[in-house]
Amino acid sequence: MAKDDLISRSAWFCLAAEGQIDDTPATWRAHTQERQLNIAVLTATNEQACIWSDRLETVIATSEPPRWPAMSIQLHVQSWSTPLTGTYDEIHVMGTSALAFELHEELAAHTELLSLHCFLPQKAPSGFSWRSEDELAAFLVNLVAALSGKAHFGLLWDDYRLHHTQVGLRQGTAARSEHWDALLQEVSRLVIASSSATSALLFLDGQQLTIGEFAEAYGVLEQTLPAKCLISVGTLRGQNQQYGFSLLLTTSEKVPIPVNTQDQDNTA
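What you see is a predicted model, and the numbers here were worked out from it, not measured in a lab.

**Section: the confidence of the model for the protein chain**
Residues at a pLDDT of 70 or more form 77% of the protein chain, whose mean pLDDT is 81. Under a pLDDT of 50 for its full length, residues 1-5 has, in the predicted model, 14 contacts with residues more than four places off or in other chains.

**Digging into the pairing of strand β9 (residues 243-251)**
Across the nine residues that make up β9, a large majority, nine, are buried. Residues Tyr 243, Phe 245, Leu 247, Leu 249 and Thr 251 point to one face of β9 and Gly 244, Ser 246, Leu 248 and Thr 250 to the other, with burial holding for every one of them. Both strand β6 (residues 169-177) and β9 contribute to a ladder of nine bridges, which runs antiparallel. In the strand pairing of β9, Thr 173 is matched with Leu 247. Note: strand β7 (residues 197-205) against β9, eight bridges, orientation antiparallel.

**Considering the pattern of salt bridges**
Counting across every chain of the model gives seven salt bridges. In this structure, the salt-bridge partner of Arg 189 is Glu 186, at a minimum N-O distance of 2.9 Å. Taken together, the residues Arg 189 and Glu 186, both in helix α6 (residues 180-192) and three residues apart, mark about one turn of the helix. Given the relative accessible area of 29%, Arg 189 is considered partly exposed. Several salt bridges share partner residues, and in doing so they unite Arg 55, Glu 133 and Asp 134 into one network.

**A word on the sheet that holds strand β4 (residues 111-119)**
Strands in a sheet are paired, the pairing made by backbone hydrogen bonds, and the direction either parallel or antiparallel. In space, the nine strands of this open sheet follow the order β2-β1-β3-β4-β5-β6-β9-β7-β8, with mixed pairing throughout. The sheet is open, and its two borders are formed by β2 (71-79) and β8 (230-236), each paired with just one other strand. Mean inter-strand twist for the sheet, computed between neighbouring axes without regard to direction, equals 20 degrees. When strand β5 (residues 128-130) meets β6, the two strands line up parallel, connected through three bridges. When the bridges of β6 are listed, Ser 129 appears paired with Gln 171.

Parameters and conventions
Residues numbered from 1 in each chain as written. Predicted model: local features only at pLDDT ≥ 70, side-chain atom pairs only at ≥ 80, totals over all residues. Heavy atoms only, no water. pLDDT = per-residue confidence, 0-100. Contact = heavy atoms within 4.5 Å. Buried < 20%, exposed > 50% of the residue type's maximum accessible area, 1.4 Å probe, protein only. Helix = DSSP H or I, 4+ residues; strand = E, 2+ residues; numbered from the N terminus. Pairing = 2+ DSSP bridges. Salt bridge = Lys/Arg side-chain N within 4 Å of Asp/Glu carboxyl O. Axes fitted to C-alpha atoms, helices over the stretch in contact; angles between N-to-C directions.

In structure tokens:
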């Protein structure tokens, strides 16, 4: 799907949610059908499972009305030591450096998308690399909120699947700042270092976010990344006075994640 198609569809759904337009382009009507996503999160211990359940269930339980096509999320969280039953649209496995390799194939049989997350300095050739658990948590909270329709500019499941199928190494990061210009500069610094990117999935959050800032961030990605790179930008207002972002880049070559500048808070 072309970049222009993604941005146009995002803009249409945002305006439709605000009641500013009524017409639905025929090619997008399938995306307005209500459906349920089944997502599993697997951790090394039961204690970790409780922590992840609290983080993500809070987002799902939020009473804010959906702005996007209705999509409910059924979340299942457990330790990977307990045999998994059922099938899922996606399974997230946290800290895969401790996961027995034999379980990979077994888990893949339960899902369309298997997301294996590890934390640096561990490496995940076929998964997702993060600098910390907090940064992964920031990304997943935003992902769940966007997929469940709670974003102003959100993310459709089909578009997320398209990002997930891009070939390359996946590396993620997150940061916060009191100043929009500083946050945008950090995003720009990260994408400049990713000249071989095949996919960029960016979530912005903050109480004061505007459509103009959404467009500005999208413009930075579009102007900096390769022409064939798939780009999606989601915005979530939230209650945080600071601006924040979480960014997942897929690259055809390994690109080390730069260290954040000193004037930014790197906690998610």
